[in-house]
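Inside the fold
Here's the letter readout for the chains.
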Amino acid sequence: MTPLITVEKLRREYPSGEGTIAVLKDIDLTIEKGEMVAIVGSSGSGKSTLMNILGLLDRPTSGTYCISGQETSTLDNDERSALRREHFGFIFQRYHLLAELSALGNVEIPAVYAGRARAPRRERAAALLGRLGMAERTEHLPGQLSGGQQQRVSIARALMNDAEVILADEPTGALDKVSGDEVLRILDELHAEGRTIIIVTHDPGVAARAERIIEISDGRIVSDRHSQKDATEVAVPATPRAQSPSQIGARVDRFREAFLMAIKALRAHRMRSFLTMLGIIIGIASVISVVALGTGSQQKVLANISSLGTNTLEIFPGTGFGDVRAARVKTLVVSDADALSQLSYVDAVTPTVSTAETVRFGAVEANALVNGVGSEYFVVKGSSLVKGRLFNADSVSSISQDAVIDENAAKALFGDSGLDPIGQVIMVGSVPCRVIGVISSQQGGFGSSDNLSIFLPYTSVQARFIGDMSLRSVTVRVDDSVDTAVAEQAVTEFLTRRHGTRDFFVLNTDDIRQTITSTTQALTLLVSAIAVISLVVGGIGVMNIMLVSVSERVSEIGVRMAVGARRHDILQQFLIEAVLVCLIGGVVGIAVALAFGLAFNAAGTSFTLVFSMTPMLMAFVCSCFIGIVFGYLPARNASRLDPVAALS
Ligand code: ADP
Ligand code: MG
């Protein structure tokens, strides 16, 4: 029958200065199934090193190590962790329990990595704890248990996957006499069941309980003696193993455990997690708010432009806005407007002149913009009548003093007295005018929406206020069937021919619309780019903290590897943690942006934030992505840790 463990010419060297030092030198050792072996020796003699190699936590420098006849040097990392999971149970001097998990949770871990179903797993863990006298304390955290109790939890953990070999490195080293004896009694019992027990100790009293004592000194076996006890080979009972659930089920289960573990880890360091998230929160919140701000202001401006009317061209004297001589250009006149209105592609034309005057009604006095307009004006601008009526072509030709005022003016002049404005006579400058209608105030547009506006026939304004026939502008509404750009071209040529020179300029509302759209888009893009940079900075923060977290939790990683975690499991756990930080940060960031939007809109500014789904989804995906990208390096570092180095 092949021995359980065969070691030949085993050597383990550590690099030291220039060369190496050998800690284990040519160890030959055979251990049969069911033996209870004590490895003794003074401190530093190499006991733990040997134990770690036997437990597949460490690799020998040279020599062979076979388990049940299988050579182990050719196994890859995952095969080694599978062997650890199935065959070995570790008991450490310092228990090495995971502080965030309950006793039951700790005992369960090996079965999680082995892919056993949850219900039988919990049942078995509870049964094992019960058997070790811990039935009352399954939900206690390690910090709430005494040393002896913690060691019993770690024994239960070692038995979870029904390990046939128990490796115990100084299991009583940190315990008082009574607890230590209790642990040894349990080990005796396990041995009696047929398990192979290998126990490392420097205490001769402990060693005496074993049937075989191997003494190591300076890396060599100096004696290997069997005590009086009979080394009877006990038939190992076939232990029933819980049915493994399906491959996918096991993966999902491992993912779920890793997820819960990540949440526990985040909860254990609330403040730190929050500060890490802060970068992501600020980044996401600013991206979303900026996009909403851009959308909101753009919609507002576009709505203002729509109030200029669609398909309209505005013709102004001069060479462009800001032309100082524009006021002296008197060539844009009513006959131009009349000529334009004859063109086939022109739907309607309204000339505009304007002047600022003081208006008075009774004792109320205010400054107002007096617009001289044609009767088509209200149609072209899409103004809505609130009260009364508008003036018509007759009013224009009869130079009437009928005034249409906007709501702002109505409020300013008649608000206090509560009189109906219709039919009242107001003084515009020194000209008495009768109010015939009230229209809604223009939404902002290119003037402030707080302006008081008074509309009179342009003929009246020219005759009674300005005293000449020139116009401030001519608004042309192009026929719907004609392209505005083509019409603009034609109107420009037409007027240039009429004037003999180009002393005017044409504004096309479509052009303005496009310019504004592309300007706000460019601005949004720019500010978003800055926000994205802050997200990247946030991501680097996440990476930084994850690296710290990995180095802080090296021993946890070691324990997980010892109980059979694959590299993939460790990688997954830390990656989940990083992604979770970013995701929570992302969700909080979205919430912050929405809260900001509510506050902003409630503050009653002239425009509102407009949130849409796309940037939020993008933010969500983006934060996941940041978690994966910036969490990968720390997670990979964690998964590549050497189990021995992690445990020491
Ligand atoms: P013990 O018998 O007390 O358990 P160990 O097996 O832990 O002894 O250590 C044996 C020797 O190997 C010690 O001298 C120790 O300094 C050395 N050693 C252990 N681990 C390392 C390491 N990672 N690098 C270098 N030397 C090590
Ligand atoms: Mg040791």
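Here the structure is a predicted model, which means the values were calculated and not measured.

1. Quick look at the packing of aromatic side chains
Evaluation of the coordinates by the stated rule reveals eight aromatic pairs. Site record: aromatic cluster; members linked through ring pairs are Tyr377, Phe378, Phe391 and Phe455.

2. Description of the environment of Glu577
Mapped onto the fold, Glu577 is located in helix α18 (residues 567–602). With 560 residues separating them along the chain, Glu577 and Gly17 place their C-alpha atoms 38 Å apart. Leaving out residues up to four positions away in the same chain, Glu577 has contacts with Ala262, Ala265, Leu266, Met546, Ser549 and Arg553.

3. Quick word on the sheet that holds strand β2 (residues 19–31)
As summarised here, the arrangement of the four strands in space is β2-β1-β4-β5, forming an open sheet in which the pairing is antiparallel. Across the chains shown, the open sheet's two edge strands, defined by having one partner strand only, are β2 and β5 (70–71). Where strand β4 (residues 62–67) lies against β5, two bridges are found, and the strand directions are antiparallel. Within the sheet, the bridge partner assigned to Ile67 lies in β5 and is Gln70.

4. What to know about the site of ligand 1
Tyr14, Val23, Ser42, Ser43, Gly44, Ser45, Gly46, Lys47, Ser48 and Thr49 make up every residue found near ligand 1. Contact distances for ligand 1 include 2.7 Å between an oxygen atom and a backbone N or O atom of Gly44. Contact with the protein chains covers 56% of the free accessible surface of ligand 1, which is 560 Å². For the shell around ligand 1, the element with the most residues is helix α1 (residues 47–54), which contributes three residues. For the shell around ligand 1, a count of residues per class yields two nonpolar, seven polar and one charged.

5. Focus: the domain arrangement of the protein
In terms of domains, the protein is made up of domain 1 (5–245), domain 2 (261–302 + 515–647) and domain 3 (330–502). Relative to domain 2, the C-alpha centre of domain 1 lies at a distance of 42 Å. Listed per partner, the contact involves 18 residues of domain 1 and 20 residues of domain 2. Carbon and sulfur atoms supply 61% of the area buried between domain 1 and domain 2, which totals about 1900 Å² over both sides. Contact with domain 2 buries surface across domain 1, with Leu57, Glu100 and Tyr113 losing the most and accounting together for 35% of the total. Taken together, the links from domain 1 to domain 2 amount to zero salt bridges. Mapped by element, the contributors of at least two residues to the side of domain 1 that touches domain 2 are α2 (77–87) and α3 (103–114).

6. Describing helix α6 (residues 177–192)
The end-to-end C-alpha distance of α6 is 22 Å, a good match for the 22 Å that 16 residues give at a rise of 1.5 Å each. Burial in α6 covers these residues: Ser179, Gly180, Val183, Leu184, Ile186, Leu187, Leu190 and His191. Seen end-on, α6 carries its buried residues on one side only, within an arc spanning 155°. Away from its buried face, by an angle of more than 90 degrees, α6 presents the exposed residues Lys177, Val178 and Ala192. Its side-chain oxygen placed 3.1 Å from the backbone nitrogen of Val178, Asp176 serves as the N-cap of α6.

7. Regarding unusual backbone geometry
One non-glycine residue, Ser68, lies in positive phi territory at about 45°. The residue Glu170 is not glycine, and still its phi comes out positive at about 50°. Within the secondary structure, Glu170 is located in the loop between β7 (165–169) and α6. Residue Glu170 is classed as buried on the basis of its relative accessible area of 11%.

8. A look at the packing of helix α16 (residues 509–552) against α18
α18 packs onto α16 with a crossing angle of 140° between their chain directions and a minimal axis gap of 11 Å. When you trace α16 past α18, the crossing you get is right-handed. On α18, the residues touching Val542, Met546, Ser549 and Val550 of α16 are Phe574, Glu577, Ala578, Val581 and Cys582. The residue inventory of the contact of α16 with α18, partitioned by class, reads seven nonpolar, one polar and one charged.

9. Some words on the side chain of Asn371
Mapped onto the fold, Asn371 is located in strand β13 (residues 364–373). Excluding anything up to four places from it in sequence, Asn371 contacts Val353, Ser354, Ser453, Ile454, Phe455, Leu456 and Val461.

10. Some points on the UniProt feature "transmembrane region" (unreviewed entry) in the protein
Those places that UniProt annotates as "transmembrane region" (unreviewed entry) correspond, in this numbering, to residues 274–294, 522–547, 574–600 and 606–633. The distance from the first to the last C-alpha atom of residues 606–633 is 47 Å, and the span holds 75% helix and 0% strand.

11. Remarks on the pairing of β4
With five bridges joining them, strand β1 (residues 5–16) and β4 adopt antiparallel strand pairing. Within β4, the position partnered with Ile5 by the bridge is Ile67. Between the end of β4 and the start of β5, which pair antiparallel, lie two residues, with Ser68 showing a positive phi angle near 45°.

12. Section: the pattern of salt bridges
Overall, the coordinates contain 34 salt bridges when judged by the stated rule. Put simply, Arg12 and Asp58 hold a salt bridge, and the shortest N to O gap is 3.0 Å. A residue pair is termed long-range when its members are at least 10 positions apart, and Arg12 in strand β1 and Asp58 in the loop between α1 and β4 qualify at 46 residues. On the accessibility criterion, Asp58 (6% relative accessible area) is buried. For Arg360, the salt bridge identified is with Glu365, shortest N-O distance 3.9 Å. Accessibility expressed as a relative area gives 54% for Glu365, which makes it exposed.

Definitions and cut-offs
- Residues numbered from 1 in each chain as written.
- Chains lettered and ligands numbered in written order.
- Predicted model: local features only at pLDDT ≥ 70, side-chain atom pairs only at ≥ 80, totals over all residues.
- Heavy atoms only, no water.
- Phe/Tyr/Trp six-rings, centres within 6.5 Å; stacked < 30°, edge-to-face > 60°.
- Helix = DSSP H or I, 4+ residues; strand = E, 2+ residues; numbered from the N terminus.
- Contact = heavy atoms within 4.5 Å.
- Pairing = 2+ DSSP bridges.
- Near = heavy atom within 4 Å.
- Polar contact = N/O pair within 3.5 Å; in protein donor to acceptor, adjacent residues only side chain to side chain.
- Areas by Shrake-Rupley, 256 points an atom, 1.4 Å probe, with all protein chains shown as cover.
- Nonpolar A, V, L, I, M, F, W, Y, C, P; charged D, E, K, R; others polar.
- Domains from an automatic or database assignment.
- Buried area = accessible area lost by both parts, 1.4 Å probe.
- Salt bridge = Lys/Arg side-chain N within 4 Å of Asp/Glu carboxyl O.
- Expected span 1.5 Å × (residues − 1).
- Buried < 20%, exposed > 50% of the residue type's maximum accessible area, 1.4 Å probe, protein only.
- Arc of directions from axis to C-beta.
- Axes fitted to C-alpha atoms, helices over the stretch in contact; angles between N-to-C directions.
- Left-handed = near helix turned anticlockwise from the far one by under 90°.
- UniProt positions renumbered as here; feature names shortened; annotations may be inferred.

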